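Read off the chains here:
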Amino acid sequence: MAQNREAEELIEAAKKYVWTNLSEYSDIEKEPKIFVKGAGCYLVDVNGKRYLDTFASLLTTISGHHRPEIAEAVQKQMAQLEFFPNYHDCYTVPVIKLAEKLAQLAPGDLSVSYFVNDGSEACESAIKMAKQYFWQRGESSRNKIIGRRYSYHGATLGALSATGLPDFAEPFHPLVPGFTHAMSTWCYHCELDLEPSSCGLACLKNMEQVILGEKPETVAAIIIDPIPGSNIGYPIPPDGYLQGLRELCDKYGIFLIFDEIQVGFGKTGKLFACENWDVTPDFMCLAKGFTGGYLPMGAVLTTPGIADEFRRPGKDFRHGFTFSGHPTVAAAVLAHIEIIERENLVERAAAMGKYLKERLEQFYKYPIVGDIRGMGMILAIELVADRKTKAPLDPKLNVGTWIRDYCWEHGMILRNNGEILVIAPAFTMTEEEADKMLGLMEQAISGAIEQFEF
Ligand SMILES: Cc1ncc(COP(=O)(O)O)c(C=O)c1O
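Residues numbered from 1 in each chain as written. Predicted model: local features only at pLDDT ≥ 70, side-chain atom pairs only at ≥ 80, totals over all residues.

This part covers the overall build of the protein chain. Regarding its fold elements, the protein chain presents 15 helices and 15 strands. A globule of 454 residues ought to have a C-alpha radius of gyration of about 22 Å, and the protein chain, at 22 Å, matches this closely. Projected onto its principal axes, the C-alpha positions of the protein chain cover 65 × 60 × 40 Å. Across the protein chain, every contact between residues at least 6 apart in sequence was considered, and the portion connecting residues at least 24 apart equals 71%. (Helix = DSSP H or I, 4+ residues; strand = E, 2+ residues; numbered from the N terminus. Rg over C-alpha atoms; globule rule 2.2 N^0.38 Å. Contact = placed C-beta atoms within 7 Å.)

If you want it as structure tokens, here you go:
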């Protein structure tokens, strides 16, 4: 509830004039929040209430809120040249420096960057790069894209067509033709009811079946999130899956696109998620934590071999956005990367992630905790009615949302997707903050058990 006149007026104006993303109006009616300040892992709302941010502003502020170095870099660039587009034959200095830096950091020969403004544009662009590549080489019938069920790749129509979550796409049919989906690596809910120890990588076999069913010579690219995101709570792919996928793509001449928008840039305890399996895609999409949340930017990294197909006289990529490669944002991202390196934040994410996972595993003492998964700073708890059978909780009870609301009420931002609770805090989280987060989560879970009489 608003505690002062200014807050009340802002809330009224917000409800009247602002249309929020993915708006859930029952929540807005309950209690809209207006944030005014942030520092480290904390946010403050217009009423002065402090919140521990366990989801890093939707997986973006990985080095914490309020980094004066980034603000300074932005101011400096703005004072010099706020914007000139990165198109045709024009570049700006921070964009060149950022691309050079990414080439040093990225695995394999992913040394060419194509900048965009967010994650959806990154996936959309990678898909179109793959399609145009084959088109201009005279293979225009190689134009299909295979995604996976339960993956999310963005809100634009191409990225949405690659997405494997029907709820997001339902109102927008017909989607873009030429997209199909293979099995996910959500082992806890394996579509075939198999166990990872004995399944023989059935999900990889399914991918090959889908390729063969579509006819390999018609498939331009496979797009996957190496670790599916918060919608299904970060299931780790079984060993051999990503390596096998790379082999399949090589065998059939198909491009492999990794969407690391949510799980890249240090979240797994390595700078890029694919480095955990030593697999390098042909295109890697970045956004979210890449910028530290300061300004919006996404990128598609690819190889010189692919990029040069477009960077020849008489060729051009028939695609682009006005604000792509914004120099002020590039300056912010460079400053953010400097912080990550100076403070060893990726190593810190690995160590803190290990601590969090070990502590979370103690939550198995609660019978409604069905599965605890994830790695590094992307972790999830899936709640169930029966751990043995994995029977779901009655969706009418909205237990996950009850837990989320409890945490918000007690000054902690917690994200849930139904009965999946997800945490992805800033890598700078201290052990004290981590203990506070885990303590409140535990309090909320045991509160739910009492509330719903489980
Ligand atoms: C894995 C993944 N891909 C793509 C996107 C789309 O990114 P954006 O919302 O920045 O357009 C998201 C956003 O949640 C994501 O998690």
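Turning to the site of the ligand, a few remarks are in order. Within the structure, the ligand sits among 14 residues, and Asp-118, Gly-119, Ser-120, Ile-261 and Gln-262 are positioned closest to it. Top contributing element to the shell around the ligand by residue count: helix α6 (residues 119–136), with three residues. By residue class, the composition of the shell around the ligand is five nonpolar, six polar and three charged. (Near = placed C-beta within 6 Å. Nonpolar A, V, L, I, M, F, W, Y, C, P; charged D, E, K, R; others polar.)

This part is about the nonpolar core. Here is a general trend for soluble globular proteins: nonpolar side chains tend to be buried in one another's company. The biggest cluster of nonpolar side chains holds 121 residues, and the ones touching the most others in it are Ile-257, Cys-285 and Ala-299. Residue contributions to this core reach at least three from each of two domains, namely domain 1 (33–63 + 345–452) and domain 2 (69–342). Sequence-distant contacts of Ile-257, defined by excluding residues within four places in its chain, comprise Ala-126, Ala-130, Ala-221, Ile-222, Ile-223, Pro-281, Asp-282, Phe-283 and Cys-285. (Core = buried A, V, L, I, M, F, W, Y, C linked by C-beta atoms within 7 Å. Buried ≥ 20, exposed ≤ 12 C-beta atoms within 10 Å, placed from the backbone. Domains from an automatic or database assignment.)

Between its terminal C-alpha atoms helix α12 (residues 327–342) stretches 22 Å, which fits the 22 Å expected from 16 residues at 1.5 Å a residue. Within α12, burial applies to Pro-327, Thr-328, Val-329, Ala-330, Ala-331, Ala-332, Val-333, Ala-335, His-336, Ile-337 and Ile-340. The inward-facing, buried residues of α12 abut α4 (68–80), α5 (93–105) and α13 (345–361). Two residues or fewer after α12 comes Asn-344, characterised by a positive phi angle close to 50°. (Expected span 1.5 Å × (residues − 1).)

With that out of the way, let us pick up the packing of α5 against α12. As a packed pair, α5 and α12 sit with axes 8 Å apart at the nearest point and diverge in direction by 40°. By the angle class used here, α5 and α12 are oblique. Relative to α12, the crossing made by α5 is left-handed. Residue-level contacts link Pro-94, Val-95, Lys-97, Leu-98 and Lys-101 of α5 to Pro-327, Ala-330, Ala-331, Val-333, Leu-334 and Ile-337 of α12. A class-by-class count of the residues in the contact of α5 with α12 yields nine nonpolar, no polar and two charged. (Axes fitted to C-alpha atoms, helices over the stretch in contact; angles between N-to-C directions. Parallel < 35°, antiparallel > 145°, perpendicular 65-115°, else oblique. Left-handed = near helix turned anticlockwise from the far one by under 90°.)

Tracing the sequence through the fold places Pro-85 in the loop between α4 and α5. The spatial distance from the C-alpha of Pro-85 to the C-alpha of Ser-324 is 6.7 Å, given a sequence separation of 239 residues. Ignoring sequence-local partners within four residues, the contact set of Pro-85 consists of Cys-90 and Thr-322.

Another point: the domain arrangement of the protein chain. In terms of domains, the protein chain is made up of domain 1 (33–63 + 345–452) and domain 2 (69–342). Once you take the C-alpha centre of each, domain 1 and domain 2 turn out to be 27 Å apart. The interface is formed by 27 residues belonging to domain 1 together with 26 residues belonging to domain 2. Elements with a minimum of two residues in the side of domain 1 that touches domain 2: α3 (56–59), α13, β11 (369–375), β12 (378–383), β14 (415–417) and β15 (420–423).

As a further point, take the pairing of strand β4 (residues 112–116). With five of five residues buried, β4 is to be regarded as a mostly interior element. Both faces of β4 are covered, namely the face carrying Val-112, Tyr-114 and Val-116 and the face carrying Ser-113 and Phe-115. Relative to strand β10 (residues 298–302), β4 runs antiparallel, the two sharing five bridges. For Val-116, the partnering residue across the bridge sits in β10 and is Gly-298. (Pairing = 2+ DSSP bridges.)

Okay, the sheet that holds β10 next. Read from one edge to the other, the open sheet built from seven strands follows the order β4-β10-β9-β8-β7-β5-β6, with strand pairing classed as mixed. Every interior strand has two partners, whereas the edge strands, β4 and β6 (179–182), have only one. In this sheet, neighbouring strand axes are inclined to one another by 20° on average, regardless of whether the strands run parallel or antiparallel. Bridging between strand β7 (residues 219–224) and strand β8 (residues 255–259) involves four bridges; their strand directions are parallel. Across the sheet, Ile-222 pairs through a bridge with Leu-256, a residue of β8. Helix α9 (residues 202–214) rests against β5 (144–148), β6 and β7 of the sheet, and its axis sits at about 150° to β6.

Within the element layout of this structure, Ala-299 appears in strand β10. A count of 28 C-beta atoms within 10 Å places Ala-299 in the buried class. Taking the C-alpha atoms as reference points, Ala-299 and Cys-123, separated by 176 residues in sequence, lie 9.0 Å from one another. Discounting residues that sit within four places of it in the chain, Ala-299 has contacts with Leu-102, Ser-113, Tyr-114, Phe-115, Val-116, Ala-122, Leu-286 and Phe-290.

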